[in-house]
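One letter stands for each residue in the lines below.
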Amino acid sequence: DLASMASIATELKYTPVDSIPAIASGVRNAFNSHKTKPIAFRLTQLRKLYWGIKDNEAAIVQACKEDLGKSVFETYLSEIDWCTNDIVFVTQNLQKWMKDEKAPDIPLANKLLSPKIRKDPLGAILIIGTYNFPVNLCLTPLVGAIAAGCTAVLKPSESAPSVAKILQHIVETSIDASCYTVVQGAVPETTALLEEKWDKIFYTGSANVAKIIAKKAAETLTPMTLELGGRNPAIVTKNANVRLAAKRLLWGKTLNAGQVCISQNYIMVDKEVLDPFIAEMKLALKQFYPNGAKESDDFGRIVHGKQWSRLKQMLESTRGRIVMGGDMDESQRYMGPTVIIVDSPSDPLVAEESFGPLIPILPVEDLDTAIRIAGEVHRTPLGLYPFGNKQETDRMMTETQSGGVSVNDALFHGSLSTLPFGGVGDSGHGAYRGKSSFDCFSHRRSVTSTPGWMEGLLDVRYPPYEGKLAKF
Ligand code: NAD
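None of the values given here were measured: they were computed from a predicted structure.

Here is what the cut-offs are and how they apply
Residues numbered from 1 in each chain as written. Predicted model: local features only at pLDDT ≥ 70, side-chain atom pairs only at ≥ 80, totals over all residues. Pairing = 2+ DSSP bridges. Helix = DSSP H or I, 4+ residues; strand = E, 2+ residues; numbered from the N terminus. Contact = placed C-beta atoms within 7 Å. Axes fitted to C-alpha atoms, helices over the stretch in contact; angles between N-to-C directions. Near = placed C-beta within 6 Å. Nonpolar A, V, L, I, M, F, W, Y, C, P; charged D, E, K, R; others polar. Parallel < 35°, antiparallel > 145°, perpendicular 65-115°, else oblique. Left-handed = near helix turned anticlockwise from the far one by under 90°. Expected span 1.5 Å × (residues − 1). Buried ≥ 20, exposed ≤ 12 C-beta atoms within 10 Å, placed from the backbone. pLDDT = per-residue confidence, 0-100.

A. Region of interest: the sheet that holds strand E16 (residues 404–405). The mixed open sheet is built from seven strands, whose spatial order is E10-E13-E14-E9-E8-E15-E16. Every interior strand has two partners, whereas the edge strands, strand E10 (321–324) and E16, have only one. As paired strands, strand E13 (residues 338–341) and strand E14 (residues 358–364) are joined by four bridges and run parallel to one another. Bridging across to E14, valine 339 finds its partner in isoleucine 359. Seen against the sheet, helix H12 (residues 274–288) touches strand E8 (233–236), strand E9 (266–270), E10, E13 and E14 and runs at an angle of roughly 55° to E10. Each of E8, E9 and E14 is contacted by helix H15 (residues 367–377), which is oriented at about 175° to E8, the strand it contacts most.

B. Structural context of the site of the ligand. Taken together, 28 residues lie near the ligand, and Gly205, Ser206, Glu227, Gly229 and Cys261 sit nearest. If you list the elements that add at least two residues to the shell around the ligand, you get helix H9 (187–194) and helix H10 (207–219). With three residues, the single largest contributor to the shell around the ligand is H9. Here the shell around the ligand is composed, by residue class, of 11 nonpolar, 13 polar and four charged.

C. The arrangement of the packing of helix H4 (residues 57–68) against helix H5 (residues 72–98) in detail. It is the contact of H4 with H5, at a shortest axis distance of 10 Å, that shows an interaxial angle of 110°. The orientation of H4 relative to H5 falls into the category roughly perpendicular. In the packing of H4 onto H5, the handedness of the crossing is right-handed. When H4 is examined against H5, the residues Glu57, Ile60, Val61 and Cys64 are found in contact with a partner set consisting of Val72, Thr75, Glu79 and Ile80. Taken together, the residues of the contact of H4 with H5 break down into five nonpolar, one polar and two charged.

D. Up close: helix H8 (residues 161–174). If you check H8, its first and last C-alpha atoms are 20 Å apart, about what 14 residues at 1.5 Å a residue would give, namely 20 Å. Along H8, the residues that are buried comprise Pro161, Ser162, Val163, Ala164, Ile166, Leu167, Ile170, Val171 and Ser174.

E. Fine view of the confidence of the model for the protein. Across the protein, pLDDT averages 95, with 98% of residues at or above 70. Note that pLDDT drops below 50 for residues 1–9; the model gives that stretch six contacts with residues more than four away or on any other chain. Interface confidence for the predicted complex, given as ipTM, is 0.96, next to a pTM of 0.95.

F. Quick look at the pairing of strand E15 (residues 383–387). Taken across its five residues, E15 has five buried, putting it largely inside the fold. Where E8 meets E15, three bridges bridge the pair, whose relative direction is parallel. What sits directly across from isoleucine 235, in E15, is proline 386. Where E15 and E16 come together, two bridges link them in parallel fashion.

G. Looking closely at the sheet that holds strand E17 (residues 428–429). Taken together, six strands build an open sheet; the order of strands is E5-E4-E3-E6-E7-E17 and the sheet is mixed. Both outer strands of the open sheet, strand E5 (180–182) and E17, are each paired with one neighbouring strand and no more. Against the sheet, helix H7 (residues 136–148) contacts strand E3 (124–128), strand E4 (151–155), E5 and strand E6 (200–204), and its axis sits at roughly 165° relative to E3.

H. Layout of unusual backbone geometry. Cis geometry marks the peptide bond from proline 463 to proline 464, where omega comes out at 0°. Note on placement: proline 464 falls in the segment after helix H18 (455–458). Of note in this structure, serine 114 is not a glycine but carries a positive phi near 45°.

Right, dumping it as structure tokens:
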């Protein structure tokens, strides 16, 4: 694997570490020049970014193919159109979001102070992306930063080097170079970036790295948005539509070869419907890939050899029984969609995030057991996928916590521009997408303006206080 890492390093030109302080002060100076604040500037940048993405569609498709074996359809669905749709939504609504908000329900006396909330940009932002949706997870936060009037440095994941290069090309050729720039690299470059003072760090990736980032951010009291992983449960009761549940949950683990932070990590299925559920999953797999997943252009590959080996080891360490798939090929970094029946929540496939096409199924006695186990495995996952009747799915939501929920589906809550996307507890904090992206990089700044003529009304506040309490 060292050989493949070395070839990545030679393909992708890393930013010299000693140039990073100047890059950071460059975007800080650009912010201090106030040029990013007018709405006209923000809209122009967003529209230029839109066309930067559009003009490079073919290169993005090619890069996603190289890095992740991603199909053309998925690249449009989850990378290109995802970003351009978000830009359209944000540009259409930006003026409304930027408007000052009047303080609601205020007594008449306070109205004279014209209390309001301004939406001020936070400043210079550091965005650190990850590899699984390498375009989307860098550019969607950047859209929010631009919309809010911030400047930004983007650090794409070095694990998706072809995409990292095309992102740099898009940023450098389409938007204002003094305000938005890309730093390429891995740990040393990111570490150097973290030595600088930012007004917000937006990080997507694993919890372990998030802890390193949070410690650095604590030194300078820098706010963060953390978009982390999750050991997300799906729960299928005996009252669920088993066919739909199997098909949708298979999709949740075959999209991007299961390298999706909001994929279900494990499925708890009521014992009564276990056999039909597995039969339906096998049927759905045949429908998705009639000639097998390996032969299909629609099924992706694991990002690099290290992740592939990690998945293989997970599969070797399970005490469970493989009932579907299990096929793999290291030379292609291929791992087939694999269903494993496990017997305990402590099985590594349940207890750890697989981030690949492994689909452990834990048979359960009833819904009470499933809810209890979900809470024990991970109290605050990124997603929850309840399948059952309305009463059951409502109960699952009431009695658990998670960043988001797709009722009777996989992944879906994460796909809408109109919903905030984010975790809770240790699956992350802060949220973005659409309006939430604008909010993520804005400061809600409370303002009052006291007219001089009010002095007569207000001088009751000054000492000496004697006799004044009675006047209130
Ligand atoms: P990764 O290897 O791409 O790392 C993520 C980023 O962290 C990269 O830019 C990398 O350069 C940087 N990094 C790595 N080590 C570092 C260090 N020691 N110091 C500073 N920076 C460092 O990907 P990963 O972390 O393995 O990402 C996979 C994880 O991301 C999974 O847990 C997944 O669930 C999660 N994820 C979350 C979301 C979300 O929106 N919540 C989305 C996608 C992925």
